[in-house]
Amino acid sequence: MSRREEFVARTRALAEEIARASDRPVTLMEVCGTHAHQFARYGLAQILPEQVQLLSGPGCPVCVTSAGEIDAALMLARVPGVTIATFGDMVRVPGSDSTLAHERARGADVRVMFSPMEAVELAQGCGQQVVLLGVGFETTTPGVAVAVREAKRRGLRNFSIMSAAKRLMPALEALVAAEDVAVHGLLAPGHVSTIIGAAAYRAFVAEHSLPCVIAGFEPEQILRGVLALVRQLAEGRAEVENAYPGVVSEEGNLKALAAIDEVFEPADSQWRGLGLIPLGGLALREEYADLDALTRFGIEMPEGREHPACRCGEVLRGAIRPPECGAFGRACTPEHPLGPCMVSSEGACAAAWKYEG
Ligand code: SF4
């Protein structure tokens, strides 16, 4: 048997096990952009029994960045003498009337970074005002925090940050409160869980009686996560299960959490699709407030406007699947995206388009 045949046999066996374990129709949600892509890439949803439905949730950090935050980044990019340092996907996400890529074409200095520390090095070596766009979940925030701390230590007066960092747990609270969302279990993200730890989910799961399984990213790890969820539901349990134990610990990465806590404090945050989430984001602490880019350049966070045809908000809540958006594959494609879910490499619409057509 070839390795590919062995792989297919193993995943089929797992799908059959899920079918045997599932005793009722259930809807499960993965809250991770990488999971969404793996589901689509390996056709995992198609091999699951019909009564196990899968939805994508707000797991793509670029996608949940609000239209207002994108517009604020565009305003910063237009300030003379400012260099924007950002991660790749952000460059093509549409704001109300432009993208960072368009602004760059018009002369703005927008640079793509592979790590936040690159922005610090850039500021160290140039006369420009360097603004780091701090976008992402707890996975990327420790790196951003370390960069901010280092810029402060070096006394760089030409470095600042626009924080659009998001916190997962308040978003899960907002998700279960949303009226158009009905899920029976959550497949929790391996990456974020590495930082926040399995313990972070326990109070949430106890309060909402919603099973939650932390899963890795290989197809078999994902299917084992689904199997664990289906078994919990069949047995009437609602627990946190760590199905990624070699990587995710109970308490998380204490060093990374300490770095976040030193630089940032929880703050209300606007999420695409979920609205204003209390304590759903992170703002600079008082000691680092002089590095806040919006304050430095006198910019107020605008409200932002999404494309009227774009239903990313509903996609991110799991209220619709990407093909249910009327623009999917017509007005909106990876070449001409109307919303972030078609731009980002972790976006559900991009995954659906790339692997399911
Ligand atoms: Fe938005 Fe395009 Fe996805 Fe529709 S298909 S929700 S327009 S990103």
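For the structure itself, consult the block above.
Here's what I pulled together on the structure shown here. Keep in mind it's a predicted model, so treat the numbers as computed, not measured.

Brief notes about empty space enclosed by the protein
Thinking step 1. Scanning all chains against the criterion turns up 2 cavities of 30 Å³ or more.
Thinking step 2. Put simply, the largest cavity is a space of about 90 Å³.
Thinking step 3. Residue lining of the largest cavity: 14 residues in total, with Cys310, Cys312, Cys325, Cys332 and Cys349 positioned closest to the centre.
Thinking step 4. Within the residue set of the lining of the largest cavity, elements represented by two or more residues are helix 15 (312–317) and helix 16 (340–343).
Thinking step 5. Partitioned by chemical class, the residues of the lining of the largest cavity number 12 nonpolar, 1 polar and 1 charged.
Thinking step 6. When its volume is computed, the second largest cavity comes out at roughly 60 Å³.

A word on the sheet that holds strand 8 (residues 212–215)
In sheet architecture, strand pairing relies on hydrogen bonds along the backbone and comes in two forms, parallel and antiparallel.
Thinking step 1. An order of 2-1-7-8-9 is seen for the 5 strands of this open sheet, with the pairing classed as parallel. Edge strands, defined here as strands with exactly one partner in the open sheet, are strand 2 (52–56) and strand 9 (240–242). Ignoring which end each strand starts from, the neighbouring axes of this sheet average 25° apart.
Thinking step 2. Sheet topology note: the strand 1 (residues 26–30)/strand 7 (residues 185–189) ladder contains 3 bridges and is parallel. Among the inter-strand pairings, glutamate 30 is bridged to a residue of strand 7, identified as leucine 187.

Considering the packing of aromatic side chains
Aromatic ring pairs are reported here in terms of the distance separating the ring centres and the angle at which the planes meet.
Thinking step 1. By the definition in use, this model includes 4 aromatic pairs.
Thinking step 2. Seen in terms of ring centroids, phenylalanine 137 and tryptophan 271 are 5.9 Å apart; in terms of plane orientation they differ by 35°. Their pairing is tilted. Note that phenylalanine 137 is positioned in the loop between strand 5 (129–136) and helix 8 (141–154) and tryptophan 271 in strand 10 (residues 264–271), a separation of 134 residues in sequence.
Thinking step 3. Tryptophan 271 gets classed as buried once you look at its relative accessible area, which sits at 2%.
Thinking step 4. A ring pair is formed by phenylalanine 217 and tyrosine 244, whose centres lie 6.0 Å apart and whose planes are at 90°; its orientation type is edge-to-face. Taken together, the positions of phenylalanine 217 in the loop between strand 8 and helix 12 (219–234) and tyrosine 244 in the loop between strand 9 and helix 13 (254–263) put the pair 27 residues apart, joining distant regions of the chain.
Thinking step 5. On the accessibility criterion, tyrosine 244 (16% relative accessible area) is buried.

Thoughts on the pairing of strand 3 (residues 82–86)
Thinking step 1. Most of strand 3 is tucked away, with 5 of its 5 residues classed as buried.
Thinking step 2. A two-sided burial pattern is seen for strand 3, the buried positions comprising Val82, Ile84 and Thr86 on one face and Thr83 and Ala85 on the other.
Thinking step 3. As judged from the 4 bridges shared by strand 3 and strand 5, these two strands associate in the parallel manner. Bridge pairing in strand 5 links threonine 83 to valine 130.
Thinking step 4. Summarising the sheet, strand 3 and strand 4 (residues 109–112) pair through 4 bridges and their orientation is parallel. The partner of threonine 83 across the bridge, within strand 4, is aspartate 109.
Thinking step 5. Read from strand 3 through helix 6 (residues 100–105) to strand 4, the crossover connection turns out right-handed.

Observations regarding the environment of alanine 352
Thinking step 1. Note on placement: alanine 352 falls in helix 17 (residues 348–356).
Thinking step 2. Judged by its relative accessible area of 6%, alanine 352 falls in the buried class.
Thinking step 3. A C-alpha to C-alpha distance of 6.8 Å links alanine 352 and proline 322, two positions 30 residues apart in sequence.

Concerning the packing of helix 2 (residues 33–41) against helix 12
Thinking step 1. Between helix 2 and helix 12, the least distance of the axes is 10 Å, while the angle of their chain directions is 105°. Of the possible angle classes, the one that applies to helix 2 and helix 12 is roughly perpendicular. Contacts from His35, Gln38 and Phe39 in helix 2 reach Pro219, Ile222 and Val226 in helix 12.
Thinking step 2. For the contact of helix 2 with helix 12, the class distribution of residues is 4 nonpolar, 2 polar and no charged.

Some points on the side chain of glutamate 150
Thinking step 1. Residue position: glutamate 150 is located in helix 8.
Thinking step 2. Its relative accessible area of 17% is what places glutamate 150 among the buried residues.
Thinking step 3. A distance of 2.8 Å separates polar atoms of two side chains, one belonging to glutamate 150 and the other to arginine 154.
Thinking step 4. Among all residues touching glutamate 150, those that are not within four sequence positions of it are Met117 and Val120.

Some thoughts on the sheet that holds strand 3
Thinking step 1. On the basis of which strands lie adjacent, the open sheet formed by 4 strands has the order 4-3-5-6 and parallel pairing. Of all the strands in the sheet, just strand 4 and strand 6 (159–165) have a single pairing partner and so form its edges. Looking at each pair of strands side by side, their axes are set apart by 20° on average, direction ignored.
Thinking step 2. Against the sheet, helix 5 (residues 67–77) touches strand 3, strand 4, strand 5 and strand 6, its axis set at about 165° to strand 6.
Thinking step 3. Strands in contact with helix 8 are strand 5 and strand 6; relative to strand 6, the strand with the most contacts, it is inclined by about 160°.

Considerations on the site of the ligand
Thinking step 1. The environment of the ligand is made up of Cys310, Arg311, Cys312, Cys325, Ala327, Phe328, Cys332, Leu338, Gly339, Met342 and Cys349.
Thinking step 2. A molecule is said to occupy a pocket when more than half its atoms come within 2 Å of that pocket's grid points, and by this definition the ligand occupies the largest cavity.
Thinking step 3. Its residues assigned to classes, the shell around the ligand comprises 9 nonpolar, 1 polar and 1 charged.

Calculation criteria
Residues numbered from 1 in each chain as written. Predicted model: local features only at pLDDT ≥ 70, side-chain atom pairs only at ≥ 80, totals over all residues. Heavy atoms only, no water. 1 Å grid on protein atoms, 1.4 Å probe; cavity = no way out; pocket = protein on both sides within 12 Å on 5 of 7 lines; lining within 4 Å. Points joined across faces, edges and corners; volume = space filled by probe spheres on them. Helix = DSSP H or I, 4+ residues; strand = E, 2+ residues; numbered from the N terminus. Nonpolar A, V, L, I, M, F, W, Y, C, P; charged D, E, K, R; others polar. Pairing = 2+ DSSP bridges. Axes fitted to C-alpha atoms, helices over the stretch in contact; angles between N-to-C directions. Phe/Tyr/Trp six-rings, centres within 6.5 Å; stacked < 30°, edge-to-face > 60°. Buried < 20%, exposed > 50% of the residue type's maximum accessible area, 1.4 Å probe, protein only. Right-handed = clockwise from strand over helix to strand, strands pointing away. Parallel < 35°, antiparallel > 145°, perpendicular 65-115°, else oblique. Contact = heavy atoms within 4.5 Å. Polar contact = N/O pair within 3.5 Å; in protein donor to acceptor, adjacent residues only side chain to side chain. Near = heavy atom within 4 Å. Sits in = over half its atoms within 2 Å of the grid points.

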